[in-house]
Each structure stands twice: as structure tokens, then as C-alpha cells.
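Structure assessment
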Amino acid sequence: MTTSETVLARLEAGVLHLTLNRPDKLNSFNEEMHLALRAQIQRAHDDEAVRAVLLTGAGRGFCAGQDLGDRDPRKGGPAPDLGNTLETFYNPTLRLIRQLEKPVICAVNGVAAGAGANIAFACDIVLAAKSAKFIQAFAKIGLIPDAGGSWSLARILGEPRAKALALTAEPLMAERAADWGLIWKAVEDSDLMTEATKLAESLAAGPTLGLGLTKRLIQAAATNSLDEQLDMERDLQQQAGRSADYAEGVIAFLEKRAARFTGK
Ligand code: LHQ
């Protein structure tokens, strides 16, 4: 696994805490940080001890998207191939987050701009500090919304709001993002990490096999017909019904005690 100071990682109580850590650059992505984040998400896939992920940023920002200093046009040379940058760095990580059958919580601690905003929207549950804002900064530099942003904004918000945000690059404050359903909750700045950690730990202690199947099911609903979805619910419920966590959940209910889930 790639280890790097650009992404701090700590496994505690089943939660893999990941902190984007280039605070002087508002945690914008360079190649090292891309690879380090990808390696940690892959670790979350591979390591049974990881039962939830909590992603946040160090310092006053969450993530300002791509490090624009990395490809300074003043240095000359041919125009960069940004499609290749997406294919090599962003898209594999976005896909890994969506495919990970464990809850991914995002605690947006400050400004989230460009790909930084859209990586947050790819996570399963997003909490944001009330002072945080989301900016589709691409329009200011002649680019299009990437890192899945054109997909998630259009799906979650519908065309009118998606287009206005993407075309104007106007900042969207956390509370309005929550009102619009783009994120789960806006919380007091001082409560963000306590609340996000509590949520992540409670999910990590939950029936994570069933939670993972639930994530798969809800994501599939975006493209499935009702018939396809009903078939999928049948198949995944069959699988969930055979899990140790289902048996434990029912027994705990009947015995009027807290369940001890193992994620199996
Ligand atoms: C930064 C950055 C940054 C480097 C702040 N890079 N240093 C793009 C191209 C390639 C492949 C495919 O994908 C993409 C995807 C993208 O993400 S494109 C969008 C890239 N991001 C942006 O356009 C956002 C640029 N940043 C901003 O507009 C502002 O910094 C925001 C609105 C995020 C925050 O504003 P302030 O709170 O006023 O902070 P600041 O601007 O003073 O930034 C603090 C420092 O961070 C500053 O450095 P300095 O040495 O002067 O203190 C900035 O230069 C640096 N920084 N974003 N993306």
C-alpha cells in the first residue's frame, strides 16, 4: 500500500479515518495524494477490520480540487491531456468509493471546490460544517464538472439547479446544500467531527454486510426498472437473510438486548 503524509490514515473502532493533508493548498490533489487516497480506499475494500470510512480534510478546507500549480501553463509545453488525468487518477478512486460495500462518511470541514466537492458527493453520507461551501469552480477556468459532478448534480438536484451551479460557479453554503438534498446534514462547525465520528462508529458496529448490500441496491436503483429492482431486492434479501448478523439481530431483539454484529 502507498503510504504518504498527504493522506493521514488511522483505524479505530472499525472506522478508517482518512484526512486529506495538504492544508497549505487547501488539500488540493497532486499525484501523490491521488495515489495515497486510492490506496487507502483499496485497503478499506481488502481489510475486514475496516467496517466504515470517514473522510475529511486537514486545516480550514476540505479539498480545492486539482492542484492548479501542477500544470502551470506559464511553463510552456503542449496542452495537458486532462482526460488522461481523469482516467488515471480521479475515475478509479470515484469508482472504488461507489463500489466499496461499506459506508463511506464524508465530513466536509471547509471549502470543497471543483473535484473536491464532487468527491464529497460520491460518498454515502455527507455531513458538512455550517461554514463550509461547495463550489463548482470548473466554470471559472474553462473546464467542465468532473469527478462525477455532472452525474451527481444532475441526478440529485435536477437540471435547473445543476446547470446554475455548474455554469456560475456560485458557492453553495452547507445549509442550503442540505436543504436541497445534496448532502445529509449541516452541523455546527465545532460539532462536525464528533458527530461524524459517532455516526461512522455506529455504522461500523452495525450489520455491515447488510449495509453494504443496501448501498449496492440504492445505487442500482438509478438505472434499474422497478421489476429489475424487485428482483435484486429478492436476491440480496436472500443473501442478507443467511447472514450471521440477521440471526444475531433477531435473537437480540427477542432477548431485549443490544445486538453484537460482526459484519458477517
Ligand atoms: C490552491 C488551490 C488549488 C493549488 C487553493 N491548487 N493551490 C482539474 C484539472 C485537471 C484534471 C482534471 O480535473 C480537474 C478538476 C478540478 O478540480 S478543476 C478545479 C480546480 N480547483 C479550483 O479551481 C479552485 C481553486 N481555488 C479557489 O478558487 C479558492 O482557493 C477557494 C475558493 C477554493 C478558496 O478560496 P480562499 O478561501 O480565498 O483561499 P485561497 O484562494 O487564499 O487559497 C489558500 C491557499 O491554497 C492559496 O495559497 P497561498 O500560497 O496563496 O496561501 C491558494 O493558492 C491555495 N490553493 N486552491 N486548486
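Quantities reported herein were computed from a predicted structural model and do not represent experimental measurements. Counting of residues starts from 1 at the beginning of each chain's written sequence and follows it residue by residue. Local features in this predicted model are restricted to residues whose pLDDT is 70 or higher, and side-chain atom pairs enter the listing and the counts only when it is 80 or higher, whereas totals over whole chains, interfaces and linings include all residues. Side-chain measures were taken over the full set of non-hydrogen atoms in the model, leaving aside hydrogen atoms and water.

Some points on the sheet that holds strand E1 (residues 7-12)
What counts, and what does not: When DSSP finds at least two bridges between two strands, those strands are taken to pair. Runs of E in the DSSP output that reach at least two residues are strands. Runs of H or I that reach at least four are helices, and both are numbered from the N terminus. Angles shown run from 0 to 180 degrees and are taken between the N-to-C directions of axes, each axis being a line fitted to C-alpha atoms and, for helices, limited to the stretch in contact.
Overall, mixed pairing links the 6 strands, which are arranged E1-E2-E3-E5-E7-E10 in an open sheet. The outermost strands of the open sheet, each flanked by one partner alone, are E1 and strand E10 (185-187). Direction aside, the axes of adjacent strands within the sheet are offset by 20 degrees on average. The pairing of strand E7 (residues 125-129) with E10 spans 3 bridges and is classified as parallel.

Some words on the domain arrangement of the chain
Accessible area lost upon the coming together of the parts is a frequently used measure of interface size. The cut-off we apply is this: What marks off one domain from the next here is an automatic or database domain assignment. Working rule for contacts: check all heavy atoms of both residues, and any pair within 4.5 Å makes them a contact. Here's the idea: put two parts together, see how much 1.4 Å probe accessible area each one loses, and the total over both is what we call buried area.
For the chain, the assigned domains are domain 1 (7-204) and domain 2 (208-254). Centre-to-centre, using C-alpha coordinates, domain 1 lies 27 Å away from domain 2. On the side of domain 2, 9 residues touch domain 1, which itself brings 12 residues to the contact. Taken over both partners, the interface formed by domain 1 and domain 2 buries close to 830 Å², and the fraction arising from carbon and sulfur atoms is 43%.

Side note on the state of the cysteines
Quick reminder of the rule: What counts as a disulfide here is a pair of cysteine sulfur atoms lying within 2.5 Å. Burial classes: relative accessible area under 20% of the type maximum marks a residue as buried, over 50% as exposed, and values in between as partly exposed (1.4 Å probe, protein chains only).
As enumerated under the stated definition, the model contains 0 disulfides in all. Counting only cysteine sulfurs, Cys 123 is the nearest neighbor of Cys 106, a cysteine outside any disulfide, at a range of 4.3 Å. Exposure remark for Cys 106: the relative accessible area of 0% places this residue in the buried category. Judged by its relative accessible area of 7%, Cys 123 is buried.

Concerning the side chain of Thr 6
With respect to the helices and strands, Thr 6 occurs in the segment before E1. Sequence-distant contacts of Thr 6, that is, excluding residues within four places in its chain, are made with Thr 19, Leu 20, Asn 21, Arg 22, Glu 32, Met 33 and Ala 36.

Observations concerning the pattern of salt bridges
We apply this condition: Salt bridge, as used here, is a side-chain nitrogen of Lys or Arg placed within 4 Å of a carboxyl oxygen of Asp or Glu.
Tallied over the entire structure, the rule returns 14 salt bridges. In this structure, the salt-bridge partner of Asp 72 is Arg 74, at a minimum N-O distance of 2.8 Å. Residue Arg 257 is joined to Glu 255 by a salt bridge in which the shortest nitrogen-to-oxygen separation is 2.9 Å. Given the relative accessible area of 27%, Arg 257 is considered partly exposed. Several salt bridges share partner residues, and in doing so they unite Lys 130, Glu 175 and Glu 188 into one network.

Thoughts on the environment of Gln 239
Here Gln 239 lies in helix H9 (residues 226-241). Sequence separation between Gln 239 and Pro 171 is 68 residues; the distance between their C-alpha atoms is 43 Å.

Remarks on the sheet that holds strand E9 (residues 172-173)
Pairing is mixed across the open sheet formed by 4 strands, whose spatial order is E4-E6-E8-E9. Looking at which strands have only one partner, the edges of the open sheet turn out to be strand E4 (61-63) and E9. Pairing of strand E6 (residues 111-113) with strand E8 (residues 133-135), which is carried by 2 bridges, proceeds in the parallel orientation. Pairing of Ala 113 across the sheet is with Ile 135, part of E8. Set on the sheet, helix H3 (residues 115-122) makes contact with E4, E6 and E8; between it and E6 the angle comes to about 100 degrees.

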